[in-house]
Amino acid sequence: MAVELPENVVVSKLDHLANWCRKNSLWPMPFATACCGIELMATGASRHDLARFGAEVFRFSPRQCDLMIVAGRVVMKMLPVLQRIWQQMPEPKWCISMGACASTGGVFDTYCVVQGVDRFIPVDMYVPGCPPRPEQLIQAIIDLQDKIQREGTITGEEFEVASRQGRNRSLLELPIIQR
């Protein structure tokens, strides 16, 4: 004997439902410097309209964000601030490295510019370019949403991976600011 469900009932796995909610409600924390920051602002403007993808709520409080967008160059003086903001963000959290300077140091091959933020915090998506176009950032957010939908679990097992939670060698070399 088969049980029929009413038309307004949907059956799914809880993991799929939680991932759908996570991917469609990303709240970005902008960490923007220089020219990439201008392109990040343009992405949130009316011409490109990041709101279509559920990521329009730029919050400047790390405790309300789940996506950090590092846009532009990061110098060693700003690195402890970047690390503190990353540590204050609740799990699950993701990171997009936007631009050549955030990803590799760009043209600034000096002692004071960080040669890639992935040495200090885990990066999920890279956006190439100097500066990258807003369309590239939107594509990175779409790709991140696909990654969240595929890999997420309600219990957060994907965040227990040692490579994601473990500290990098370079992170151990710098003092971590603690309160």
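Computed from a predicted structure; not experimentally measured.

Caption draft 1: Region of interest: helix α1 (residues 14-23). The set of residues buried in α1 consists of Ala 18, Asn 19, Arg 22 and Lys 23. The buried residues of α1 occupy one face: seen down the axis, they fall within an arc of 125°. Buried residues along α1 sit against β3 (94-98) and α5 (134-151).

Caption draft 2: Structural context of the nonpolar core. One finds Leu 26, Ile 96, Leu 137 and Leu 144 to be the most contacted residues of the largest nonpolar core, which totals 20 residues. Of all elements in the fold, only α2 (34-44), β2 (67-71), β3, β4 (125-127) and α5 reach the threshold of two or more residues within this core. Filtering out sequence-adjacent residues up to four positions away, Leu 26 remains in contact with Gly 54, Ala 55, Asp 66, Leu 67, Trp 94, Ile 141, Leu 144, Gln 145 and Ile 148. With 18 residues, the next largest nonpolar core counts Met 89, Cys 95, Phe 120 and Val 123 among its residues.

Caption draft 3: A look at the confidence of the model for the protein chain. Considering every residue of the protein chain, the mean pLDDT works out to 81; 84% of them sit at 70 or more. No element of the protein chain has a lower mean pLDDT than helix α7 (residues 169-173), which averages 41, and none a higher one than β2, which averages 92.

Caption draft 4: Looking closely at the packing of α1 against α5. Relative to each other, α1 and α5 sit at 160°, their axes nearing to 8 Å. Comparing the axis directions of α1 and α5 gives the class roughly antiparallel. Viewed along their axes, α1 and α5 form a crossing whose handedness is right-handed. Contacts between α1 and α5 involve His 16, Asn 19, Trp 20, Arg 22 and Lys 23 from the former and Gln 145, Ile 148 and Gln 149 from the latter. Per-class residue counts for the contact of α1 with α5 are two nonpolar, four polar and two charged.

Parameters and conventions
Residues numbered from 1 in each chain as written. Predicted model: local features only at pLDDT ≥ 70, side-chain atom pairs only at ≥ 80, totals over all residues. Heavy atoms only, no water. Buried < 20%, exposed > 50% of the residue type's maximum accessible area, 1.4 Å probe, protein only. Helix = DSSP H or I, 4+ residues; strand = E, 2+ residues; numbered from the N terminus. Arc of directions from axis to C-beta. Contact = heavy atoms within 4.5 Å. Core = buried A, V, L, I, M, F, W, Y, C linked by side-chain atoms within 4.5 Å. pLDDT = per-residue confidence, 0-100. Axes fitted to C-alpha atoms, helices over the stretch in contact; angles between N-to-C directions. Parallel < 35°, antiparallel > 145°, perpendicular 65-115°, else oblique. Left-handed = near helix turned anticlockwise from the far one by under 90°. Nonpolar A, V, L, I, M, F, W, Y, C, P; charged D, E, K, R; others polar.

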